[in-house]
Amino acid sequence: MLDILFSIYGYGIFFYATSITLIYLSLAVMGYFNIWRHKTRYTVREERILVEYPEAAPGISIVAPAYNEEVIVIDSVKSLLSLNYPNYEIIIVNDGSTDNTLDLLISNFEMVEVPYAYINKVECRPMKRVFKSFNPLYDKVIVVDKVNGGTKADAMNAGVNVAKYDYFINTDVDCILAPDTLTKVILPVLDSDIPVIAVGATMRMANGCEVQEGKITRVRPPRQVIPTFQETEYLRSYLVAKMGWSAINSIPNVSGGFGLFEKQTVIDCGGFDTNSHAEDMDMTLRMIAYKREHKEPYRIVQTPFTCCWTEGPPNLNVLARQRTRWGRGLLQIFFVHRRFLFNKRYGRMGLVIMPYALFFELLAPIIETTGVFFLIFQLYTEQINFNTFWLMLLYVYLIGVSISTLTIVFDLSIKKQYKTFAEYLKLILFSSFEAFFYHPFVVFFSLRGYWQFLTKKKFKWGTMTRQGFQSNTESKAA
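The model shown is predicted, which means the values in this text are computed figures rather than measured ones.

Draft legend 1. Structural context of the overall build of the protein chain. Within the protein chain, the secondary structure is distributed over 16 helices and 12 strands. Viewed in the frame of its principal axes, the protein chain has a C-alpha envelope of about 75 × 55 × 45 Å. Across the 478 residues in the protein chain, those meeting the buried criterion constitute 54%. Within the protein chain, residue pairs in contact and separated by at least 24 positions form 80% of the contacts whose partners lie at least 6 positions apart. Of the roughly 21,800 Å² that the protein chain leaves accessible, carbon and sulfur atoms contribute 61%. Measuring between centres, the 49 positive side-chain charges of the protein chain sit 3 Å from its 44 negative side-chain charges.

Draft legend 2. A look at the side chain of T181. Here T181 is to be found in helix α6 (residues 181–191). With relative accessibility at 0%, the residue T181 sits in the buried group. Polar contacts involving the side chain of T181 include one to the main-chain carbonyl oxygen of A178, which spans 2.7 Å. Setting aside its immediate chain neighbours within four residues, T181 contacts F258 and C307.

Draft legend 3. Summary view of the pairing of strand β6 (residues 167–171). Burial of β6 is extensive: 5 of the 5 residues sit out of reach of the surface. Here β6 shows two buried faces, one formed by Y167, I169 and T171 and the other by F168 and N170. Summarising the sheet, strand β1 (residues 60–66) and β6 pair through 4 bridges and their orientation is parallel. Residue pairing in the sheet places V63 in a bridge with N170 of β6.

Draft legend 4. Examining the environment of E123 more closely. As for its placement among the helices and strands, E123 is situated in the loop between β3 (111–113) and β4 (127–133). A relative accessible area of 59% places E123 in the exposed class. Taking the C-alpha atoms as reference points, E123 and Y395, separated by 272 residues in sequence, lie 51 Å from one another.

Draft legend 5. Just the packing of aromatic side chains, in detail. Summed over all chains, the structure comprises 20 aromatic pairs. Here the aromatic rings of Y418 and Y424 are separated by 5.0 Å at their centres, their planes lie at 55°, and the arrangement is tilted. Grouping aromatic residues by their ring pairs yields a cluster made of Y16, W245, Y356 and F360. Here the guanidinium or amino end of K140 rests over the ring plane of Y88, the centre of that ring lying 4.5 Å away. Between K184 and the ring centre of F305, over which it is positioned, the NZ or CZ distance is 4.9 Å.

Rules behind the numbers
- Residues numbered from 1 in each chain as written.
- Predicted model: local features only at pLDDT ≥ 70, side-chain atom pairs only at ≥ 80, totals over all residues.
- Heavy atoms only, no water.
- Helix = DSSP H or I, 4+ residues; strand = E, 2+ residues; numbered from the N terminus.
- Buried < 20%, exposed > 50% of the residue type's maximum accessible area, 1.4 Å probe, protein only.
- Contact = heavy atoms within 4.5 Å.
- Areas by Shrake-Rupley, 256 points an atom, 1.4 Å probe, with all protein chains shown as cover.
- Lys, Arg positive; Asp, Glu negative; His and termini not counted.
- Charge placed at Lys NZ, Arg CZ, Asp CG, Glu CD.
- Polar contact = N/O pair within 3.5 Å; in protein donor to acceptor, adjacent residues only side chain to side chain.
- Pairing = 2+ DSSP bridges.
- Phe/Tyr/Trp six-rings, centres within 6.5 Å; stacked < 30°, edge-to-face > 60°.
- Lys NZ or Arg CZ within 6 Å of the ring centre and 35° of its normal.

This is how it looks when you write it as C-alpha cells:
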C-alpha cells in the first residue's frame with residue numbers, strides 16, 4: 001500500500017513540475033510579444049507630447065508612506081521632484097514616525113503647516129497636520145502627519161484621502177523612480193479604449209547603483225549576495241510572469257512597491273485593507289471583483305520598462321521578515337477571498353488567477369518541502385534509480401536557469417541598463433546557483449509565514465534596516 005502511495009505521489013510531482021514548466025514557457029512567449037508591443041507602441045514621441053503639452057498630461061498623485069525613514073526620505077523626495085512630467089504632486093505620509101523623519105522633511109523642503117479640508121473618503125487613523133512649502137522648488141510636495149496606523153495600508157488610505165488627481169502612484173520611500181516613469185505608466189491609460197484601473201512596471205534593486213541627489217547616475221548589479229539573487233528574481237517576476245499575464249488581462253497583483261491606480265475605483269472598493277498582510281494583491285483582487293460585480297469593463301496593464309529601483313533586503317534577517325510577511329499575506333488572501341476561487345462569476349480572476357496562485361504559489365513551498373522528505377526516504381530505502389535521477393534533476397535545473405537567462409535577454413532587449421558584459425554575466429552566474437543558495441531560504445520563510453498566520457500571531461508595520469542610497473556612492477569613493 002505504501003509503495004502505491006509513493007508511486008502516486010511521484011507521478012503527481014512529475015505532472016506538477018511539467019505543468020509549471022509549460023505555464024512558464026507559455027508566459028515567456030506571451031511576455032515576449034507583449035514586450036515587443038510596448039516597445040513599438042509607446043515611443044519617445046508620445047512621451048515628448050505629454051511633457052511639451054501639459055494640457056494633454058493627466059494629473060498624477062504620488063503617495064509614499066514613511067515610518068521611521070530618516071536615513072532615506074530626503075533622497076527619495078529629491079528623486080520624486082526630478083521626474084520629467086508636468087502635472088503631478090508628491091504626498092509623503094508620515095505615519096507616526098518616532099525618529100527625525102518629519103523634522104528632516106520640514107527643514108529640508110521649507111515646509112510650513114497649512115489648513116487643509118481633509119475628507120475621509122476611505123477609513124484611516126486620524127490626521128494631525130498637513131505641511132506644504134511656499135518655495136516654488138518644492139511646491140509639489142505635501143506632507144501628511146498622522147497617527148500611526150500600524151500598516152502601510154492605513155498610511156496609503158490617508159494619502160488617497162489627500163490626493164487631488166484621478167490616478168495615484170502607490171510606492172515606498174525606499175524607491176527611486178526613473179525620470180520618465182510617469183509618462184511610461186500613463187500612456188497605456190490614454191491609449192486604451194477600455195478603462196485601465198491599474199498599471200504596473202518593472203522594479204529592480206537599487207543596491208549597488210550610484211545615486212546623487214536622489215538620481216541614479218550609474219546602474220550596477222548589487223554588490224551583496226541577497227540583493228543580487230533578488231535582482232534576477234524580480235526581473236523574472238515582472239518581465240516573464242507579469243508581462244505574460246498582462247497579455248490576457250490576468251495580472252494577479254500590482255506591486256505595493258510601485259503601481260499606478262485609478263483613485264475612484266480604489267475608493268469604491270473601500271480603500272486598502274488595513275488588516276491585510278498583502279495589501280497590494282488584496283487591492284488588485286478587490287478592484288477586479290468590483291468591476292466584475294458591476295459588469296464594468298476594465299484592464300490592468302504591466303509595462304516592461306524599469307520605472308522603479310528599490311532598496312532590497314541586504315541580509316538574511318531582513319529577507320526573512322519580508323518573505324515571512326509575504327507568506328502570511330498569500331495565505332490570508334485565500335482565507336479572505338476564498339469565494340473568488342473557481343467562481344466563474346469573476347471570470348479570469350476566479351478561473352485563472354486564483355487557481356494559479358493556489359497551486360503554483362501557495363502550495364509550491366509545501367510541495368517542495370514534502371518532496372525533499374520524500375527524496376530522503378527514497379534514498380534511505382534505496383528506491384531511487386540513479387540512471388534517471390540525475391537526468392531528471394539536470395532537466396529541472398536547466399529549465400530554471402534557462403528561464404532566468406531568457407529574462408536577462410528580455411531585459412537587454414528593452415534597454416541596456418548595465419554598461420558591461422561582466423555585470424550581466426554576474427546575474428547569469430547567480431541565477432545558476434539560486435536553486436541551491438537562495439531559493440531554500442525563500443521556501444522556509446514562506447512556510448514560516450503560513451505557520452504564523454495559522455497561529456494568529458499579531459504583527460505591526462515594522463522597519464527595514466536602511467543603508468541609504470547615498471552610501472552607495474560614498475562607499476565607492478572611499
